[in-house]
Amino acid sequence: MRPADRHEKIVRLVHKAGEISVDELAQTLSASRETIRRDLSNLDAMGRLKKFHGGARVRSTPSVEPAVEGPFALRMAENLTAKRRIAYAAARLLAPGDSVFIDTGTTTLILAETLVDLPALVVITNSWKIAATVSANADHKVFLLGGAYGADAGETLGQFAVEQVRKFRARHAFLTVGAVDQHSVMDFDAQVTEVAQTMIERAEAVTVLADASKFGKHGIFEVAPWSALDRLVTEQEPPASIAEALAAAGTEVVIA
């Protein structure tokens, strides 16, 4: 069973029971307890359930349990079907032995689940959640970048992270962004933008993962113009103005 499929079954079982043990999940899903514990850690980090010693339960409502994880956990539930389609389409772009930068985002965290099933990759990321997920496949070589820690998304940022990105060269960079228009892709945080820009500089091919909700939005910081990007993976055709700009820049569009 693919990790992504097993995760969906775990979430359904937890919501049906309210609370369930690791042993019950392992028996029901014919998986080892170690695999289930790792799955629960990842699903907890994604905000989809609450892990406790020996099992998991449905997350409390925000009025009962403070939302200490912030907006990232909330964004994980937005456009989930589209993000999964994009993640599977992006994973198909990789070949065994490829090296890939992956920045921190909700779509790239879902992508990490799909990479567990692929042959050996080299993954360089500033997200501990992505690193932990991909490491479920022992054949992958994973580098977790250090730096100033952002607790909301579980990412490293700042000058230390940027300096470490510059120590690598990768075949691919898979990036998420906050906004897409006919001129460029954008984000809302200067440090997030800086890490993405450095990954672009150090990659041979750059792929942006963005669902249609990002189209027509305007960010604060420009990550890159379309001329600097090789590919956009999305779940539906972009609006005409963006499609024309992509064609003019020679940027490929992959519809998931």
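All of the points below concern the structure found in this document. (Residues numbered from 1 in each chain as written. Predicted model: local features only at pLDDT ≥ 70, side-chain atom pairs only at ≥ 80, totals over all residues. Heavy atoms only, no water.)

## Here's the deal with the layout of surface pockets
Its volume calculated, the largest pocket comes out at about 500 Å³. Around the largest pocket, the lining comprises 24 residues; the ones closest to its centre are Arg75, Val177, Gly178, Asp187 and Phe188. In terms of residue class, the lining of the largest pocket is built from six nonpolar, eight polar and ten charged. (1 Å grid on protein atoms, 1.4 Å probe; cavity = no way out; pocket = protein on both sides within 12 Å on 5 of 7 lines; lining within 4 Å. Points joined across faces, edges and corners; volume = space filled by probe spheres on them. Nonpolar A, V, L, I, M, F, W, Y, C, P; charged D, E, K, R; others polar.)

## Let's talk about the sheet that holds strand E5 (residues 122-125)
Strand order in the open sheet made by the seven strands is E6-E5-E4-E9-E12-E14-E15, with parallel pairing throughout. Both outer strands of the open sheet, strand E6 (141-144) and strand E15 (252-255), are each paired with one neighbouring strand and no more. Pairs of neighbouring strands in the sheet enclose a mean axial angle of 20°, with direction left out of account. In terms of strand pairing, strand E9 (residues 170-176) meets strand E12 (residues 203-209) through six bridges, oriented parallel. (Pairing = 2+ DSSP bridges. Helix = DSSP H or I, 4+ residues; strand = E, 2+ residues; numbered from the N terminus. Axes fitted to C-alpha atoms, helices over the stretch in contact; angles between N-to-C directions.)

## Comments concerning helix H9 (residues 190-201)
Each turn of an α-helix holds 3.6 residues, which means side chains three or four residues apart point in the same direction. Between its terminal C-alpha atoms H9 stretches 17 Å, which fits the 16 Å expected from twelve residues at 1.5 Å a residue. Taken together, the buried positions of H9 are occupied by Val192, Thr193, Val195, Ala196, Thr198, Met199 and Ile200. The residue sitting at the N-terminus of H9 and contributing the capping side-chain oxygen is Asp189; that oxygen lies 2.8 Å from the backbone nitrogen of Gln191. (Expected span 1.5 Å × (residues − 1). Buried < 20%, exposed > 50% of the residue type's maximum accessible area, 1.4 Å probe, protein only. Polar contact = N/O pair within 3.5 Å; in protein donor to acceptor, adjacent residues only side chain to side chain.)

## So, the pairing of E6
In this structure, E5 lies alongside E6, joined through four bridges in parallel fashion. Bridge assignment links Val123 to a residue of E6, and that residue is Val142.

## Details of the sheet that holds strand E11 (residues 184-187)
In space, the three strands of this open sheet follow the order E10-E11-E13, with antiparallel pairing throughout. In this open sheet, the two edge strands, each paired with only one partner strand, are strand E10 (179-180) and strand E13 (221-225). Inspection of the sheet shows E10 paired to E11 by two bridges, in the antiparallel sense. Following the sheet pairing, Val180 is matched in E11 by Val185. Running over the sheet, H9 touches E11 and E13 and is turned about 15° from E13. (Contact = heavy atoms within 4.5 Å.)

## Let's talk about the pattern of salt bridges
With the rule as written, the count across this model stands at nine salt bridges. Arg6 serves as the salt-bridge partner of Asp39, at 2.4 Å between the closest nitrogen and oxygen. One end of the pair, Asp39, is in helix H3 (residues 33-45); the other, Arg6, is in helix H1 (residues 3-17), and 33 residues separate them in sequence. Linking Glu34 and Arg37 is a salt bridge whose minimum nitrogen-to-oxygen distance equals 4.0 Å. Remark: Arg37 and Glu34 occur in helix H3; sequence separation between them is three residues, near one turn of the helix. (Salt bridge = Lys/Arg side-chain N within 4 Å of Asp/Glu carboxyl O.)

## Let's talk about the packing of H1 against H3
For the pair H1 and H3, the least separation of the axes is 11 Å and the interaxial angle reads 80°. Here H1 lies roughly perpendicular to H3, going by the angle between them. Side by side, H1 and H3 meet where Arg6, His7, Ile10 and Val11 of the first sit next to Thr35, Ile36, Asp39, Leu40, Asn42 and Leu43 of the second. Taken together, the residues of the contact of H1 with H3 break down into five nonpolar, three polar and two charged. (Parallel < 35°, antiparallel > 145°, perpendicular 65-115°, else oblique.)

## Topic: empty space enclosed by the protein
A complete count under the given rule lists one cavity of 30 Å³ or more for this structure. Of the volumes computed, that of the largest cavity is approximately 60 Å³. Taken together, Pro3, Arg6, His7, Arg38, Asp39, Asn42, Glu113, Val116, Thr133 and Ala136 form the lining of the largest cavity. Going through the elements one at a time, H1 and H3 are the ones with two or more residues in the lining of the largest cavity. In the lining of the largest cavity, the residues fall into three nonpolar, three polar and four charged.

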